[in-house]
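Fold and geometry: a report
Okay, here's what each chain looks like letter by letter:
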Amino acid sequence: MKRLNKNYIIIITIFLLFFICVLVYIYFIRNNNDNNIYVNNTSNNINNNLSNNNSNIYNNTSNNTSINKTNIYYYLTTDEFTLFRYSKNNKLWQSTDIDTINNKKMDVYVNNNYFGNYYIYFGRNWSLLDDNKEYVSYDGKFIAFSKELNIKPVNYREGVFTNNILSEVKKVLNNSNYNVIENIHNNLIYYITENKYIVIATNLYNADTELFYNLIYYNNAGNIEIILKNSVGNSSKKDYPTYFLKNIITIDNKLTLIFGKMSYEGKILQSNMYQLSDDKFIKLV
């Protein structure tokens, strides 16, 4: 009997030891899993934080880029057909519309003399309003532009298109067989000084080629710079504009010419602007 009890005690002891080992094993396995979960959470937190930081960096960069890309425009006008804006960011001139320029405060020149800084408002033509929104009258040739622009009007006078000028035009065209077609459009000459002038020949016809010509050039003391030269056949002349000078200015001390355009029927079209740069005229608008 004693031997049986002793064996029983041994079996119980072995069972208890086995049970304890199982408990210890389960404890370590579970504890290890907890550690893994903690590490993974930490990794997720780090990844999330990095992701959020990157997102913030991206958003900040995006916002700064948006601010940098905000375009700043300055304006120039003489009438409802001469409506230009200058992009400070892109350094380019563009055509615009009346609504864009309307109610802007601008430097105003009348007959090439500084008249003041006024709000301009378009009715039948440009009207001027002072800081109290009181109407200011003016009489004469009008030009207005944003004060940030380095623009100065240039004085000039219209001259007589003589036979000597016509001979010069034929030399520029390198052909003497050009006739002036009367009663269509006028040929014009504008003097800045006696030896600096702009010639606009808009009614030349070549009988050999049956072409009508537009020619604009600048004679700078004998040095001729062609601004525009084009031609059109007799059947298309009604669709072809002719040109006239609207104003002469300097922009950043560079000679700049504003030309109006007119259809064959006499309808005024949108203006163009050319600038002398490196001894050559380039079209700004």
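The rules behind each value
Residues numbered from 1 in each chain as written. Predicted model: local features only at pLDDT ≥ 70, side-chain atom pairs only at ≥ 80, totals over all residues. Heavy atoms only, no water. Helix = DSSP H or I, 4+ residues; strand = E, 2+ residues; numbered from the N terminus. Contact = heavy atoms within 4.5 Å. Pairing = 2+ DSSP bridges. Buried < 20%, exposed > 50% of the residue type's maximum accessible area, 1.4 Å probe, protein only.

1. Section: the side chain of Asp 107
With respect to the secondary-structure elements, Asp 107 resides in strand E4 (residues 105-110). In this view, Asp 107 contacts Tyr 114, Gly 116, Asn 117, Ile 143, Ala 144, Phe 145 and Lys 147; residues no more than four positions away in its chain are not counted.

2. A short note on the sheet that holds strand E1 (residues 73-79)
Through backbone hydrogen bonds, the strands of a sheet pair up, either in parallel or in antiparallel fashion. Pairing is antiparallel across the open sheet formed by eight strands, whose spatial order is E3-E2-E1-E8-E4-E5-E6-E7. Only two strands of the sheet have a single neighbouring strand rather than two, namely strand E3 (92-95) and strand E7 (135-136). Of the pairings in the sheet, the one linking E4 to strand E8 (residues 142-145) comprises four bridges and is antiparallel in character. Note that in E8 the partner of Val 108 across the bridge is Ala 144.

3. Description of the pairing of strand E6 (residues 126-129)
Taking every second residue as pointing to the same face, both faces of E6 are buried, with Trp 126 and Leu 128 on one and Ser 127 and Leu 129 on the other. Note that strand E5 (residues 113-122) and E6 share four bridges and pair antiparallel. Each residue of the ladder has a partner; that of Phe 122, found in E6, is Trp 126. Counting the residues in the hairpin turn of E5 and E6 gives three residues. For E6 and E7, the ladder comprises two bridges, and the chain directions are antiparallel. When the bridges of E7 are listed, Leu 128 appears paired with Val 136. In this antiparallel pair of consecutive strands, E6 and E7, the connection spans five residues, and Lys 133 shows a positive phi of 65°.

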